[in-house]
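Listed below are the residues making up each chain.
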Amino acid sequence: MQSDAPSGARAPTGRWRPLALASGMAVLIGGLLGVRVSFHGPEATAARMTPAVAPVLPPPPPAEPDPSTKPFGPELPPPDFFREGEVWFHPLPGPLRRMPERPTRRFGVERDHDSPESCRQGHCGCDIGEVRGEPVLAVHDGVVERVVRESEGRSGRYVRLLHRNGTIVTQYMHLDDVADLKPGMRVRAGDKLGTVGGTGVLHSEPHLHFTVAIRAKEDAPEVYLDPEPLLALWPMFQM
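From a predicted model like this one, the values you see are computed outputs, not experimental measurements.

Further remarks concern the overall build of the protein chain. Scanning the protein chain from N- to C-terminus turns up two helices and 11 strands. Helices (α) and strands (β) of the protein chain occur, in sequence order from the N terminus, as α-β-β-β-β-β-β-β-β-β-β-β-α. For the protein chain, buried positions account for 37% of its 239 residues. Within the protein chain, counting contacts between residues at least 6 apart in sequence, those at least 24 apart form 63% of the total.

Dropping the structure here:
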């Protein structure tokens, strides 16, 4: 009679068949009970399996801020900057309110030249407007301290005003034309100082570079402020 077992394989003898059946049952029961069954010849031993536990890892350290994505402005001016009853205007006439249109036009952004520490060693003001010849206005009553009519250096033609006995300073740079002003003259909020231009500008279209600085007294060091919150609040002058 021919055997059904594959060629070369030996069928379990009568002595091993009960052991094979018992081994299979032991493995099945061990899996259900959470034990590991091992065989050593005809004998079997069982050891309880310990479930794997994922290690508890400490949280990752906070990522260092990327300097290239650091937000600039707006930083609010000191509370004593505002006084009841004072009249201030946006330096460009309405009705459209001009604000810095790009991050590179905002206060404190990196520049390729040295700047005071209060400017975050970067841009000391805000760049607004793009229309050459648009009027530039005094933001507040003041006195003309400096008028530069020659287009020399990075500032180009500009006007510098003192307010509140010299404790607040505003500057209006890159002007195309300058009004008939002289140092010591008094100006009123809304008076025309010149026009938007591109003098002193190397890599940009015409615009007004506007700065605000404060100092404890007229001969004290200047501390630059971020003008953006003020530009957002000052009313528009209607010409």
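On to the pairing of strand S7 (residues 168-178). Judged by how many residues are buried, S7 sits mostly within the fold: 10 of 11 residues are covered. With six bridges connecting them, strand S6 (residues 157-163) and S7 associate as antiparallel partners. Note that in S7 the partner of His163 across the bridge is Ile168. Hairpin remark: S6 followed by S7, antiparallel, with four residues in the connecting loop; positive phi at Arg164, about 50°. The pairing of S7 with strand S10 (residues 208-214) spans six bridges and is antiparallel. The partner of Val169 across the bridge, within S10, is Ala213. The pairing of S7 with strand S9 (residues 192-196) spans two bridges and is classified as antiparallel. Among the inter-strand pairings, Leu175 is bridged to a residue of S9, identified as Val196.

A residue-level look at the protein chain finds 64% of positions with pLDDT of 70 or above and a mean pLDDT of 78. A low-confidence stretch, residues 67-73 (pLDDT under 50), is modelled with 11 contacts involving residues beyond four sequence positions or located in other chains.

As enumerated under the stated definition, the model contains 12 salt bridges in all. Ionic pairing is found between Glu222 and Arg160, a salt bridge with its closest N-O pair at 2.2 Å. With a gap of 62 residues between them, Glu222 in the loop between S10 and strand S11 (223-225) and Arg160 in strand S6 connect regions that are remote in the sequence. Its salt-bridge partner being Arg215, residue Glu222 comes within 3.4 Å of it at the nearest N-O pair. A residue is classified by how much of its surface remains accessible, and Arg215, at 11% relative accessible area, is buried.

Rules used in this analysis
- Residues numbered from 1 in each chain as written.
- Predicted model: local features only at pLDDT ≥ 70, side-chain atom pairs only at ≥ 80, totals over all residues.
- Heavy atoms only, no water.
- Helix = DSSP H or I, 4+ residues; strand = E, 2+ residues; numbered from the N terminus.
- Buried < 20%, exposed > 50% of the residue type's maximum accessible area, 1.4 Å probe, protein only.
- Contact = heavy atoms within 4.5 Å.
- Pairing = 2+ DSSP bridges.
- pLDDT = per-residue confidence, 0-100.
- Salt bridge = Lys/Arg side-chain N within 4 Å of Asp/Glu carboxyl O.

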